[in-house]
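Each chain, letter by letter, is given below.
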Amino acid sequence: MTNIPSEAGELLERLGVDIDAETFLLSLTHRSYAFENPGVEHNERLEFLGDSVLSLAIAEEVYRRHPELPEGELVKLHHVVVSAPALAIAARKLELGKHIRLGKGERLTGGADKDSILADTMEAIFGATYISLGREAARELVLRLIAPMLEDEQILNSGRDWKTDLQTLVTSRSWGDVTYEIEAEGPDHARVYTARAIVAKQTAGTGSGPSKKEAERLAAEAAYRILV
């Protein structure tokens, strides 16, 4: 019989679910660990299942909470809170990273704090809950850990597709296309990008970030809030 290490047992208590030990450890096992330990399974099948459990639970919750919203707005809300950044936030609150079984290389490169690995492990835990305890227990866990984000403006704004929203707004007002001008400064290892969102040949908003994509997203958000 598989025994849960004491620290992983503490995590299980914080989760508030009674997943069987073998399935729970499997949910915490990254492929890099399995690769270095032949014969050990990894959590990707549970992740596949948990992704669907998460998606359905949040879709139902969004539908019930917002009877006034059209499909497009429901899709946006759903997308934000099931995204990797949102799941990673929930994982960090649980201090999940230190419990994930990672290969040596992945540990050395900070895998325990990567959004993608944290999010995938959260999904695997949802899948493990479904397998061990059934649909309702898995749904309740999702709602307890993830649904509060539906009321968190900071998270909702960070995950919103501001570039698409800005272009939609600009198109609706017949102002043409949005373009972006990018400037960068600083050394390669700490470069900061600044973007300007150009609407009707004028700067409508600016934003700065560690990547061109993030700078453009922030510039689009600034422009949208000014123009809406």
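Predicted model, so just to flag it, every value in this text is computed and none were measured. Residue positions are given per chain, counted from 1 along the sequence in the order it is written. With pLDDT at 70 or above as the cut-off, local features in this predicted model cover only qualifying residues; side-chain atom pairs require 80 or more to be listed or tallied, and sums for whole chains, interfaces and linings still use all residues. The basis for every side-chain value is the complete set of heavy atoms in the structure, and neither hydrogens nor water enter the calculation.

Student: In this structure, what is going on with the overall build of the protein chain? I would like to understand it.
Tutor: Within the protein chain one finds twelve helices and three strands. Taking the principal axes of the C-alpha coordinates as reference, the protein chain spans close to 70 × 50 × 25 Å. Every one of the 228 residues in the protein chain was classed for burial, and the buried ones make up 43%. Should any heavy atoms of two residues lie within 4.5 Å, those residues are counted as being in contact. Counted over contacts in the protein chain with a minimum sequence separation of 6, partners at least 24 positions apart contribute 53%. Under the convention used here, a 1.4 Å probe and the Shrake-Rupley method define accessible areas, while residue burial counts only the protein chains that appear. Only carbon and sulfur atoms are counted for the fraction: they give 52% of the accessible area of the protein chain, which is about 12800 Å². A run of H or I in DSSP becomes a helix once it reaches four residues, and a run of E becomes a strand once it reaches two; helices and strands are each numbered from the N terminus. A 1.4 Å probe rolled over the protein chains alone gives each residue an accessible area, and that area as a share of the maximum for its type sets the label: buried under 20%, exposed over 50%, partly exposed in between.

Student: Any chance you could explain the domain arrangement of the protein chain here in plain terms?
Tutor: When the parts of a complex come together, some accessible area is lost, and that lost area is often taken as the interface size. Per the annotation, domain bounds derive from an automatic or database assignment of domains. Assigned domains of the protein chain: these are domain 1 (4-157) and domain 2 (160-225). Each of domain 1 and domain 2 was reduced to a C-alpha centroid, and the two centroids are 32 Å apart. Contacts between domain 1 and domain 2 engage four residues on the former and six residues on the latter. For the pair domain 1 and domain 2, the two sides together bury roughly 330 Å², of which 27% comes from carbon and sulfur. Salt bridges, as used here, are contacts in which a Lys or Arg side-chain nitrogen is within 4 Å of a carboxyl oxygen on Asp or Glu. Taken together, the connections running from domain 1 to domain 2 amount to one salt bridge. The salt bridge partner of Asp165 is Lys76, with a shortest N-O separation of 3.0 Å. Under the rule applied, a polar contact is a pair of N or O atoms within 3.5 Å (in protein, one hydrogen donor and one hydrogen acceptor; residues adjacent in sequence only if both atoms are side-chain atoms). The tally of links from domain 1 across to domain 2 stands at one residue pair in polar contact (both at pLDDT 80 or more). The buried area of a pairing is the accessible area, by a 1.4 Å probe, that goes missing from both parts when the two are put together, added over both.

Student: Explanation requested: the nonpolar core in the structure shown.
Tutor: A general tendency of soluble globular proteins is for nonpolar side chains to be buried together. For this analysis, a nonpolar core means a set of buried residues of the types Ala, Val, Leu, Ile, Met, Phe, Trp, Tyr and Cys, connected via side-chain atoms within 4.5 Å. If you look at the biggest cluster of nonpolar residues, it comprises 45 residues, and the most contacted ones within it are Leu15, Val81, Phe126 and Ile146. Taken together, the elements giving at least two residues each to this core come down to α1 (6-15), α4 (44-65), α5 (71-81), α6 (84-93), α8 (115-133), α9 (135-145) and α10 (153-158). Considering each element in turn, this core owes the most residues, eight residues, to α8. If we skip the residues at most four places from it in the chain, Val81 touches Ile58, Ala86, Leu87, Ile146, Met149, Leu150 and Leu156. Core analysis: the second largest hydrophobic core is formed by 15 residues, Trp162, Val178, Ala215 and Tyr224 among them.

Student: Any chance you could explain the pattern of salt bridges here in plain terms?
Tutor: Between side chains of opposite charge, a pair can form as their charged atoms come close. Enumeration over the complete set of coordinates arrives at 18 salt bridges. Among the ionic pairs, Arg64 bridges to Glu60, the shortest N-O distance being 3.1 Å. Residue Arg64 and its partner Glu60 are located together in helix α4, separated by four residues, close to a single helical turn. Judged by its relative accessible area of 57%, Arg64 falls in the exposed class. By sharing partners, the salt bridges in this structure join Glu60, Arg64, Arg135, Glu136 and Arg139 into a single network.

Student: Looking at this structure, I do not really get α6. What am I missing?
Tutor: One full turn of an α-helix is made of 3.6 residues, so residues set three or four places apart face in the same direction. Listed as buried for α6 are Ala86, Leu87, Ala88, Ala90 and Ala91. One or two steps after α6, the chain reaches Glu95, where phi turns positive at roughly 55°.

Student: How do you make sense of the pairing of strand β2 (residues 192-199) when you look at a structure like this?
Tutor: Looking along a regular strand, one sees side chains alternate from face to face of the sheet. Strands pair, by our definition, only if DSSP identifies at least two bridges between them. The pairing of strand β1 (residues 179-185) with β2 spans seven bridges and is classified as antiparallel. Counterpart to Glu183 in the pairing with β2 is Thr194. If you look at the hairpin formed by β1 and β2, you'll find six residues sitting between the two strands, and Gly186 has a positive phi there, around 100°. By the bridge criterion, seven bridges tie β2 to strand β3 (residues 202-209) in an arrangement that is antiparallel. Residue pairing across strands places Ile198 opposite Thr203, the latter belonging to β3.

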